[in-house]
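# Chain and residue survey
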Amino acid sequence: MAAALLVGMFDEEDEDIHRNIMAERLLRPHNYVLNFPDHILISFYRLPRHLILNLVEELRPALERPTRRHGALPVLVQVTNALRFFAKGDFQTEVASLSSVSQPCISRNLMEVTKAICNIAPNYIQFPRGEELLRIKEEFLRQSGMPGVIGLIDGSLFPIKAPSGPSEPAYVCRKGYHAINVQAIGDQNMVIRHLLAKWPGSIHDSFIFNTSDINAYLSEGRASGWLLGDSGYPLKPYLMTPVMNEQTEAERRYNVAHKRCRSRQERLYGIWKGRWRCHDKSGGYLQYSPERVVMFVKATAVLHNICRMANLPDPENIPAMVEDEEEGHDGMHDGAQTGRTARNNLIAHYFTR
């Protein structure tokens, strides 16, 4: 019953809405949950009515069952239960009690919805090409004064519970907790354009990039321009990092523009984790294996892009995502000389007055 379902979900900041719904005392079947206004739906599921319905229809072929036997739930209920879990990071038992279904049913449906969302990821996470790439470079230049930028790259730690087995130490990140190190490339609108989520928290950002398919793609010259990364990334002709120990005014201006541009990637992670709080430490550590957490990361990346593409307002109280930069690699790897030459040329042409 939707009223009972919704009333149980409210946090303290939703007290006014809580009182309104309690006053209505409506008893409705699950499908009537969408009769509530968008601001309530966004509070619980992070998506307004039309985006929930669009997602339900896109996932229906993978989730709909020919019969309601054996506890099969309507696709709408499956999807909204998963959205609720992603939005709040609740334990499955809590979502189950609020949905009036069993915990095993919630567990099964959560993984089915997650897999279904992961399967549509190529529709929403695409590295730009052609005219779209040109538009991205123009917009980065307009916003930050940095030319030639095709994306912003950074890693972020997504906390998990301590996994069992001999691989457990590998998941302890430099901040002392267990995590997955997720690498994402964002554009000027903080849409995720490339995602790599599989490495334990102890793995260095530079290693993740050097072994990635996007590194191979860019090294072949298949995209004109460069990514911007922090000093934990290797300097390459297609990956510009800050100048360490800047010596000139031109280098200082380059670093200022670089930092201004790259701050959008830090905000991307903040919006992502702030909207889907299952990934933020304030929501507790996800009580799942690393393999399942990776699937949740990919699914919420898709949901993040759906929200960004629909121009939904950013969530309030975005968690700070400014993480300590890893040890710099400027000039400390094969091919660094060509990267340094490219960066020097960029500084000479655009930042020397």
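Residues numbered from 1 in each chain as written. Predicted model: local features only at pLDDT ≥ 70, side-chain atom pairs only at ≥ 80, totals over all residues. Heavy atoms only, no water.

- Per an unreviewed UniProt entry, the recorded name for the protein chain is Putative nuclease HARBI1, and the organism is Merluccius polli.
- According to the UniProt record, the Sequence similarities (unreviewed entry) comment for the protein chain is "Belongs to the HARBI1 family."
- Looking at the Cofactor (unreviewed entry) heading of the UniProt record, one finds this comment for the protein chain: "a divalent metal cation". (UniProt positions renumbered as here; feature names shortened; annotations may be inferred.)

### Things to note about the overall build of the protein chain
- Tallying secondary structure elements over the protein chain gives 14 helices and 5 strands in all.
- By residue count, 56% of the 353 residues in the protein chain fall in the buried class.
- When the accessible surface of the protein chain is split by element, carbon and sulfur atoms take 50% of a total near 16200 Å². (Helix = DSSP H or I, 4+ residues; strand = E, 2+ residues; numbered from the N terminus. Buried < 20%, exposed > 50% of the residue type's maximum accessible area, 1.4 Å probe, protein only. Areas by Shrake-Rupley, 256 points an atom, 1.4 Å probe, with all protein chains shown as cover.)

### A look at the pattern of salt bridges
- Per the stated rule, a full pass over the model turns up 11 salt bridges.
- R60 is the partner of E57 in a salt bridge, and the nearest nitrogen-oxygen pair spans 2.7 Å. Of this pair, E57 and R60 both sit in helix α4 (residues 49–63), separated by 3 residues, roughly a single helical turn.
- On the basis of relative accessible area, E57 is assigned to the partly exposed category, the value being 47%.
- Here E220 makes a salt bridge to R222, at a shortest N to O gap of 3.4 Å. (Salt bridge = Lys/Arg side-chain N within 4 Å of Asp/Glu carboxyl O.)

### Here we look at the sheet that holds strand β4 (residues 226–228)
- Spatially, the 5 strands line up as an open sheet ordered β3-β2-β1-β4-β5, and their pairing is mixed. Edge positions in the sheet fall to β3 (192–200) and β5 (239–240), since each of these pairs with one other strand and no more.
- Two strands pair when backbone bridges link them, and β4 and β5 are joined in this way by 2 bridges, in the parallel orientation. Of the residues in β5, the one forming a bridge with L227 is L239.
- Sheet contacts for helix α12 (residues 249–275): β1 (149–159), β2 (179–186), β3, β4 and β5; angle to β1, the most-contacted strand, approximately 45 degrees.
- Along the sheet, helix α13 (residues 290–309) contacts β1, β2 and β3; its crossing angle with β3, the most-contacted strand, is approximately 170 degrees. (Pairing = 2+ DSSP bridges. Contact = heavy atoms within 4.5 Å. Axes fitted to C-alpha atoms, helices over the stretch in contact; angles between N-to-C directions.)

### So, the environment of K281
- Looking at the element boundaries, K281 is found in the loop between α12 and α13.
- The class of K281 is partly exposed, set by a relative accessible area of 43%.
- Taking the C-alpha atoms as reference points, K281 and P159, 122 residues apart in sequence, are found 6.6 Å from one another.
- Setting aside anything within four residues of it in sequence, one finds K281 in contact with P159 and Y177.

### What to know about the nonpolar core
- I52, L55, L59, L83, F86 and W272 are the most contacted members of the largest nonpolar core, which totals 61 residues.
- When residues of this core are assigned to their parent elements, the largest contribution, 10 residues, is made by α13.
- Once you skip the residues sitting within four places of it in the chain, L55 turns out to touch L47, V79, L83, I120, L303 and I306.
- Formed by 18 residues, the second largest nonpolar core is a distinct cluster that contains M146, L228, A257 and I347. (Core = buried A, V, L, I, M, F, W, Y, C linked by side-chain atoms within 4.5 Å.)

### Overview of unusual backbone geometry
- We note that R46 has phi near 70 degrees; this positive angle belongs to a residue other than glycine.
- Following the sequence through the fold, R46 ends up in the loop between α3 (38–45) and α4.

### Thoughts on α4
- Of all the bends in α4, the greatest, near 30 degrees, is centred on E57, and the proline P61 appears no more than four residues after it.
- Taken as a whole, α4 has its buried residues at L51, I52, L55, V56, L59 and L63. (Bend = angle between axes of the 7 residues up to and from the residue.)

### Things to note about the pairing of β2
- Most of β2 is tucked away: 8 of the 8 residues are buried.
- Side-chain alternation along β2 places A179, N181, Q183 and I185 on one buried face and I180, V182, A184 and G186 on a second face that is also buried.
- Judged from the 7 bridges that link them, β2 and β3 form a sheet pairing that is antiparallel. Note that in β3 the partner of I185 across the bridge is H194.
- The antiparallel hairpin formed by β2 and β3 contains 5 residues in its connecting segment, where M190 sits at a positive phi of about 65 degrees.

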